[in-house]
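Observations on the model geometry
Read off the chains here:
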Amino acid sequence: MSTHPQSALVLFSGGQDSATCLAWALARYDRVETVGFDYGQRHAVELTAREAVREAILAVPDGYGDRLGQDHLLDLGALGTISETAMTHPRAIEMNENGLPNTFVPGRNLVFLVMAAALAHRRGAAVLVGGMCETDFSGYPDCRQETLDRQMEAIRLGMAIDLDLETPLMLLTKAQSWHLAEDLGGATLVEIIRTKTHTCYLGERGIEHDWGYGCGHCPACALRRAGWEAYAARRAMGPSEGRDQERDQA
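Counting restarts for each chain, with residues numbered from 1 along the sequence as it is written. Predicted model: local features are reported for residues with pLDDT of at least 70 only, side-chain atom pairs are reported and counted for 80 or more only, and whole-chain, interface and lining totals are derived from all residues. Calculated side-chain values reflect all of the structure's heavy atoms, with hydrogen atoms and water omitted.

What follows deals with the overall build of the chain. Under the scheme used here, helices are H or I runs from DSSP no shorter than 4 residues and strands are E runs no shorter than 2 residues, and both carry numbers assigned from the N terminus. From N to C terminus, the chain includes nine helices and seven strands. Projected onto its principal axes, the C-alpha positions of the chain cover 50 × 45 × 35 Å. Only protein chains enter the calculation, and the probe is 1.4 Å; a residue is then buried if its accessible area is under 20% of its type maximum, exposed if over 50%, and partly exposed in between. Counting only residues that meet the buried cut, the chain has 52% of its 250 residues in that class. Should any heavy atoms of two residues lie within 4.5 Å, those residues are considered in contact. Of the contacts made within the chain by residues no fewer than 6 positions apart, 68% connect residues no fewer than 24 positions apart. We treat Lys and Arg as the positive residues and Asp and Glu as the negative residues; His and chain ends play no part in the count. In this description, the location of a charge corresponds to atom NZ of lysine, CZ of arginine, CG of aspartate or CD of glutamate. Distance between charge centroids for the chain: 2 Å, based on 23 positive and 34 negative side chains.

Attention shifts here to the layout of surface pockets. There is about 780 Å³ of room inside the largest pocket. The method works on a 1 Å grid over the protein atoms by themselves. A cavity is a set of points holding a 1.4 Å probe that cannot get out, a pocket is an open set with protein on both sides within 12 Å along at least five of seven lines, and residues with an atom within 4 Å of a point line them. As for the largest pocket, its lining consists of 35 residues, and the residues nearest its centre are Ser-13, Asp-17, Arg-108, Gly-131 and Tyr-140. Mapped onto the lining of the largest pocket, the elements with two or more residues apiece are helix H1 (16-26), strand S2 (31-38), helix H2 (45-56), helix H5 (108-123) and helix H8 (219-237). Grid points are joined across faces, edges and corners, and a volume is the space filled by probe spheres set on the points.

Following both chains from N to C, one finds H1 and helix H7 (residues 174-196) inclined at 70 degrees, their axes separated by 10 Å at the closest point. By the criterion of interaxial angle, the relationship of H1 to H7 is roughly perpendicular. When you trace H1 past H7, the crossing you get is left-handed. The residues of H7 that touch H1, namely those facing Gln-16, Asp-17, Ala-19, Thr-20, Ala-23 and Trp-24, are Lys-174, Ser-177, Trp-178, Leu-180, Ala-181, Leu-184, Leu-189 and Ile-193. Residues are grouped as follows: nonpolar covers Ala, Val, Leu, Ile, Met, Phe, Trp, Tyr, Cys and Pro; charged covers Asp, Glu, Lys and Arg; every other residue, Gly included, is treated as polar. Taken together, the residues of the contact of H1 with H7 break down into nine nonpolar, three polar and two charged. Between the N-to-C directions of two axes lies an angle of 0 to 180 degrees, each axis being a line fitted to C-alpha atoms and, for a helix, fitted only over the stretch in contact. Relative orientations are named as follows: roughly parallel for angles under 35 degrees, roughly antiparallel for angles over 145 degrees, roughly perpendicular for angles from 65 to 115 degrees, and oblique for any other angle. If you view the pair so one helix is near and one far, a crossing is left-handed when the near helix is turned anticlockwise from the far one by less than a right angle, and right-handed when it is turned clockwise.

To continue, consider the side chain of His-198. Among the structural elements, His-198 can be located in the loop between H7 and strand S6 (208-209). Since its relative accessible area comes to 1%, His-198 is described here as buried. For His-198, the residues in contact, after removing those within four places along its chain, are Gly-14, Gly-15, His-43, Val-45, Glu-46, Ala-49, Gly-203, Glu-204, Arg-205 and Arg-224.

Each regular strand shows side chains that alternate between the opposite faces of the sheet. Within S2, six of the eight residues are buried, which leaves it mostly tucked inside the rest of the structure. Where strand S1 (residues 4-11) and S2 come together, five bridges link them in parallel fashion. Residue pairing across strands places Leu-11 opposite Val-35, the latter belonging to S2. Handedness rule for crossovers: strands pointing away from the viewer, path from the first strand over the helix to the second running clockwise, crossover right-handed. At this point the chain moves from S1, through H1, to the parallel S2, and the crossover so formed is right-handed. When S2 meets strand S3 (residues 68-75), the two strands line up parallel, connected through six bridges. Among the inter-strand pairings, Val-32 is bridged to a residue of S3, identified as Leu-68. Strands are labelled as partners when DSSP assigns at least two bridges between them.

Moving on, we come to unusual backbone geometry. Look at Glu-84: it is not a glycine, yet its phi comes out positive at around 55 degrees. Position of Glu-84 among the secondary structure elements: in the loop between helix H4 (77-83) and H5. Even without being a glycine, Ala-160 presents a positive backbone phi close to 55 degrees. Inspection of the secondary structure puts Ala-160 in the loop between helix H6 (145-159) and strand S5 (164-166). For Ala-160, a relative accessible area of 71% puts it in the exposed group.

This brings us to the nonpolar core. Side-chain atoms within 4.5 Å link the members of a nonpolar core, which is a set of buried Ala, Val, Leu, Ile, Met, Phe, Trp, Tyr and Cys residues. The biggest cluster of nonpolar side chains holds 70 residues, and the ones touching the most others in it are Leu-11, Ile-57, Leu-113 and Leu-128. Residues within four places of Leu-128 in sequence aside, it is in contact with Leu-9, Leu-11, Leu-113, Ala-116, Ala-117, Ala-120, Met-152, Leu-163, Asp-164, Leu-165 and Glu-166.

To estimate the expected span of a helix, subtract one from its residue number and multiply by 1.5 Å. Helix length check: H8 (19 residues) gives 27 Å between terminal C-alpha atoms against 27 Å at 1.5 Å per residue, within 8%. When H8 is considered as a whole, its buried residues turn out to be Ala-220, Cys-221, Arg-224, Gly-227, Trp-228, Tyr-231 and Arg-234. Taken end-on, H8 shows its buried residues confined to a sector of 165 degrees, consistent with a single buried face. In the stretch just after H8, Gly-238 is the one whose phi turns positive, near 110 degrees. This arc is taken over the directions from the axis of the helix to the C-beta atoms.

Strand pairing in a sheet relies on backbone hydrogen bonds. The paired strands run either parallel or antiparallel. Taking strand neighbours across the sheet as the criterion, the five strands line up as S3-S2-S1-S4-S5 in an open arrangement whose pairing is parallel. If you trace the sheet from one side to the other, it starts and ends with S3 and S5, each paired once. Adjacent strand axes in the sheet meet at a mean angle of 30 degrees, parallel and antiparallel pairs treated alike. Across the sheet, H5 touches S1, S2, S3, strand S4 (125-129) and S5, and the angle it forms with S2 is around 140 degrees.

Spelled out as structure tokens, the structure:
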């Protein structure tokens, strides 16, 4: 398939960040497809959340539904088998001796990019869109802009393709990500992300909090909760004053 310059493939896990990136892509590209990865993650419920978010986002104004194309789910079970992390095995979440949390799955984003690029090549997409972020992250080295730039350079050389990677959340806090969602799809999109997406590392969907569903105590829930509380506080202050203060604290 020939490359379509207005076609994007979103790395879509079903979480807050990737759902925001999906809306971001739908606002910019004529055709948007999604790809998810089943790597044996403990929170496999996110794979079900993907379907719910895609269906719900059809209700967002601005013709998002007209641009939302096919979804793809790739089996990367081998990655989970060899990782031995708290994301893929029933282990307590803690810090490793190397200073990284044991939720870090070595090579995950690197593998994701290679597989997404191969799929983009087949589907004719010119751009990959991912929710990687250096601001609100756990020190994962494969979320750094430098890592991603070098991986994409290798992909372009190794596949002989002209493929870009967009990371709209790279320099945003979680609170700013909520604001971006509001800018993209108003209260409708914010509510979709709050209630339909999944972030909790433990896969807990039984309790609804102000910020969404989750166990409430794992690192992912703590980050999402803090972002929501900051977003709600800034919003209560008013759009101008609240965002000015948020930028100052970022």
